[in-house]
Amino acid sequence: MSEAVADHTGVAEPAGRPGVAFDFSRDKQVFPVPWGKAMMWIFLLSDTFIFSCFLVSYMKVRIATTDPWPSTAEVFSLTIYGHSIPLVLIAIMTFILITSSGTMAMAVNMGYRKDRKKTFWLMVATAALGASFVGMQAFEWTKLIVDHGVRPWGNPMGAAQFGSTFFMITGFHGMHVSAGVIYLLVIAFRVKNGFYERRGGNYEIVEITGLYWHFVDLVWVFIFAFFYLW
Amino acid sequence: MASAEGQQHPLAIYFWIWGLLFVLSFCSYMVDYLNLQGNLRWGLILLFMFLKAGFIVAIFMHMKWERLSLKFAIMGPPVAILVLISLMALEGHYVQDNRIDNYGESTFEPQELPHH
């Protein structure tokens, strides 16, 4: 990033701040990345705004309600061998998502090394971890609905807004994880059967898929902090 | 320029960040487990959250190695959310004050959680 580098036209691209003016004014493609990657970033930017709207509305209704807010440490605790451990399932889900982010980062790296077999298996591992995350979320929802009587319009522990914001935010995030699992599997099998080999052997797509997956993990970081730890 | 021929970096940096994310997640879980309260709780939760988010975006999503024009285009717009957060916090407190003035304090009786 420190020195100027020549692009394929032979024009030197200045680095740093002069590079910003250069990129935006050079009368051609602004971002020197594959178009799929630029579009994925822009999609993720729009998704950032959607999740921000959800989290900000959660903050607003939580401030505005006069009813007590249910204690997440108690609501999301699990009793294991007679001990009630707060947030244990959420902690396990967090670790699973981070593990899957790591395997995804490895898959991207192996993709650029054109190691198709390792890329495939790492992507399948990522998808499997993602699927187990969704499974645990289904367990958590069931526990909340059946055992604790939480509904989108009310619950016995406190403010009614707890249920509506919980189901909306974690539901939308879970939907993103589920879509990511399908996306990962589609790309993984295309890597395996040589789809990209027939298109010039470019594995940038693995990185683009990775961007989506890391974003899902990123959103969970914020949900974990604001919804579960607050 | 790394992005010209794809983002290829040594594996070691991913393992380091991976480990660091585990440590940071464990730390934020401990904040709740040790039942820290007040400003300390908030400072630590936000610190660990931003560190985790920063490492994911910078290293795993390779933002660190992208050109500054892409960094600005993607990281700039979310700053506007800070305005939305401040406006909605003000609005929230205003609505709560109105509710207390007009309907009085909450009469909600929380029920004990069922223990299994």
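Quick caveat: nothing in here was measured; it's all calculated off a predicted structure. (Residues numbered from 1 in each chain as written. Chains lettered and ligands numbered in written order. Predicted model: local features only at pLDDT ≥ 70, side-chain atom pairs only at ≥ 80, totals over all residues.)

Next up on the list: the overall build of chain A. A tally of helices and strands in chain A yields seven helices and four strands. Written out in order from the N terminus, the α and β elements of chain A read β-β-α-α-α-β-β-α-α-α-α. In terms of its C-alpha atoms, chain A occupies a principal-axis envelope of roughly 70 × 40 × 25 Å. In chain A, which comprises 230 residues, the proportion classed as buried is 39%. (Helix = DSSP H or I, 4+ residues; strand = E, 2+ residues; numbered from the N terminus. Buried ≥ 20, exposed ≤ 12 C-beta atoms within 10 Å, placed from the backbone.)

So, on to helix α4 (residues 80-103) of chain B. All names here are of chain B. In a regular helix each residue adds 1.5 Å, so 24 residues correspond to 34 Å; α4 covers 34 Å between its end C-alpha atoms and thus fits that length. Little of α4 sits inside the fold, with zero of its 24 residues counted as buried. Downstream of α4 by a residue or two, Gly 104 has a phi angle that is positive, lying close to 80°. (Expected span 1.5 Å × (residues − 1).)

Domain boundaries assigned for chain A yield domain 1 (1-32) and domain 2 (34-229). Placing a centre on the C-alpha atoms of domain 1 of chain A and another on those of domain 2 of chain A gives a separation of 36 Å. (Domains from an automatic or database assignment.)

To continue, consider the packing of helix α4 (residues 88-112) of chain A against helix α1 (residues 11-33) of chain B. Interaxial distance between α4 of chain A and α1 of chain B falls to 10 Å at its minimum, and their mutual angle equals 170°. Taken as axis vectors, α4 of chain A and α1 of chain B run roughly antiparallel relative to one another. Note on element contacts: α1 of chain B touches α4 of chain A through Leu 11, Tyr 14, Trp 18, Leu 21, Phe 22, Ser 25 and Tyr 29 of chain B, opposite Ala 91, Thr 94, Phe 95, Ile 98, Gly 102, Ala 105, Met 106 and Asn 109 of chain A. Among the residues forming the contact of α4 of chain A with α1 of chain B, the class breakdown is eleven nonpolar, four polar and no charged. (Axes fitted to C-alpha atoms, helices over the stretch in contact; angles between N-to-C directions. Parallel < 35°, antiparallel > 145°, perpendicular 65-115°, else oblique. Contact = placed C-beta atoms within 7 Å. Nonpolar A, V, L, I, M, F, W, Y, C, P; charged D, E, K, R; others polar.)

Across the boundary between the two partners, chain B contributes 53 residues, which contact 54 residues of chain A. Those elements giving two or more residues to the side of chain B that touches chain A turn out to be α1, α2 (38-60), α3 (68-75) and α4 of chain B. Counted by class, the side of chain B that touches chain A contains 34 nonpolar, 13 polar and six charged residues.

On to α3 of chain B, then. Within α3 of chain B, burial applies to Leu 70, Ala 73 and Ile 74 of chain B. Projected down its long axis, α3 of chain B shows its buried positions confined to an angular sector of 90°, all on one face. Residues of α3 of chain B that are buried make contact with α2 (35-64) of chain A. (Arc of directions from axis to C-beta.)

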